[in-house]
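Below are the chains, spelled out letter by letter.
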Protein chains: 2
Amino acid sequence: MRIVVPYTGRDPKSRLAPVLSGPERRAFARAMLGDVVETVSAAGHTPELLVPEPIGAVEADVDLGDVPTTVDDRALTPAVDAVLDRVGEGVPELGVVMADLPLATPTALDRLSAAGGDVAVAPGRGGGTNAVIVRDPAFSVDYHGASYRDHREAAAAAGLSVSVVDSMRLATDVDEPEDLAEVLLHGDGRAREWLVDAGIELDTSGGRVGVRRESGERPE
Amino acid sequence: MRIVVPYTGRDPKSRLAPVLSGPERRAFARAMLGDVVETVSAAGHTPELLVPEPIGAVEADVDLGDVPTTVDDRALTPAVDAVLDRVGEGVPELGVVMADLPLATPTALDRLSAAGGDVAVAPGRGGGTNAVIVRDPAFSVDYHGASYRDHREAAAAAGLSVSVVDSMRLATDVDEPEDLAEVLLHGDGRAREWLVDAGIELDTSGGRVGVRRESGERPE
């Protein structure tokens, strides 16, 4: 199926600012996007980028040039809803997978696509909706707040069935510095490699494993 | 199979102190333990408590009186290792599941027990080992630090095969205040009910959904 991957290069991953500089966050976000696009393809689906403006020059190791792209400068929710308008005759299902899921694997996406229901959801940590497959045109998204809960309620109100996939890999969107530890622990793609090259390493000195910079400082 | 659930009532869940008082943390930890024991039983396994000292009077709604209990006052790692010494002739496999996994379901445990390998692991957020099934006496545990990584390395060094279960429900151990949001969002047992009764509710005002107290303040 077609799987849409929303992405923005406008100040991406701002909550990683305590450990990564602005240019670093952009490069890291692009590496994660590359991982997601590759995973979607490896799972046998067709990735499509959804961006607010044409994306610029691409790092050499993340070739997105051949990926179909839709440009929509609206906010995430209306832009995704416009894409979901395609669902119906001729398009029985469509997926939306976030660009910050570097731990996603083809196996995890297989479990999502094998899940039944008018809507299949992979919840994200903190109540987000990290991946969704929509099979009924009556469903629309709202990514604000606890969207996982809201999406379930909206589907129920519309009489739609919902299946939920229990996946740590799909639940792990990378927003906060502590999330980088998950990438170091469980990743095996560009995002993990990028972090290692940047000198980000596991910090096991606290209660739950975090990260620190090898150099001790974030570059300006 | 026999599934051992380590638990201590000695200052449990200290990192929840910003939102829960000491007596509250004990009651909440006991509610989570009740959920885990019930889930283990519902999955068709036999739960066994592993405690440093006999556990005291049990809240009326969590009847643990009939659960076999091993008392071992050593630290978690040597106490679990002593239990794992049983693996071998007559005991082909043994599970160890942490007591702070209120989102665990029989289905998630089924996936863990169905996973092959000399060792089957469910990693926890932040590099922990939330659940493990051991089928070879050569394996021993070390819960310090990034135990998931260390357990994989130790198994590889011993020539043991390892399978990993990708489960958000088993990955979600509850240690930090933000973890409470996961219980409110995805739980359906005693732990969630306890939080609701205590006035803990979702806080969707920040970037990632957290929790706040209805009353605004933690009781002393």
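That block above? That's the structure.
Residues numbered from 1 in each chain as written. Chains lettered and ligands numbered in written order. Predicted model: local features only at pLDDT ≥ 70, side-chain atom pairs only at ≥ 80, totals over all residues. Heavy atoms only, no water.

Q: Just to check I follow, could you spell out unusual backbone geometry for this structure?
A: Not every positive phi belongs to a glycine, and Asp-11 of chain A is a case in point at roughly 45 degrees. The phi dihedral of Lys-13 of chain B falls on the positive side, at around 55 degrees, and the residue is not glycine. By the element assignment, Lys-13 of chain B lies in the loop between strand E1 (2–6) and helix H1 (22–42). By relative accessible area, Lys-13 of chain B is classed as buried at 17%. (Helix = DSSP H or I, 4+ residues; strand = E, 2+ residues; numbered from the N terminus. Buried < 20%, exposed > 50% of the residue type's maximum accessible area, 1.4 Å probe, protein only.)

Q: What's the story with the relation of the copies chain B and chain A in this structure? I'm lost.
A: With an RMSD of 0.0 Å, the operation that places chain B on chain A is a rotation of 180 degrees combined with a shift of 0.0 Å along the axis. The symmetry that links the two subunits is that of a two-fold axis. Looking at chain B, 100% of its interface residues are interface residues in chain A too, so the copies touch through the same face. (Least-squares fit on C-alpha atoms with pLDDT ≥ 70 in both. Contact = heavy atoms within 4.5 Å.)

Q: Would you explain helix H7 (residues 190–197) of chain B in this entry?
A: For an α-helix, the turn length of 3.6 residues means that residues three or four places apart are oriented alike. All names here are of chain B. Taken together, the buried positions of H7 are occupied by Arg-190, Ala-191, Trp-194 and Leu-195. All buried residues of H7 project into a common sector of 135 degrees when viewed along the axis, lining one side. Downstream of H7 by a residue or two, Gly-199 has a phi angle that is positive, lying close to 85 degrees. (Arc of directions from axis to C-beta.)

Q: I keep staring at the interface of chain B and chain A and nothing clicks. Help me out?
A: How big an interface is tends to be expressed through the accessible area that disappears when the partners come together. Between chain B and chain A, the residue contacts involve 29 residues of the former and 29 residues of the latter. Carbon and sulfur atoms make up 50% of the surface buried where chain B meets chain A, a total of about 2600 Å² over both sides. By the criterion of area lost to chain A, the three top residues of chain B are Arg-125, Asp-166 and Arg-208 of chain B, representing 30% of everything that side buries. Across the contact surface, chain B and chain A share six salt bridges. Residue Asp-179 of chain A is joined to Arg-125 of chain B by a salt bridge in which the shortest nitrogen-to-oxygen separation is 2.5 Å. For the pair chain B and chain A, the number of links is 14 residue pairs in polar contact (both at pLDDT 80 or more). (Buried area = accessible area lost by both parts, 1.4 Å probe. Salt bridge = Lys/Arg side-chain N within 4 Å of Asp/Glu carboxyl O. Polar contact = N/O pair within 3.5 Å; in protein donor to acceptor, adjacent residues only side chain to side chain.)

In short, the description is geometric, and any link to function would need to be established separately.
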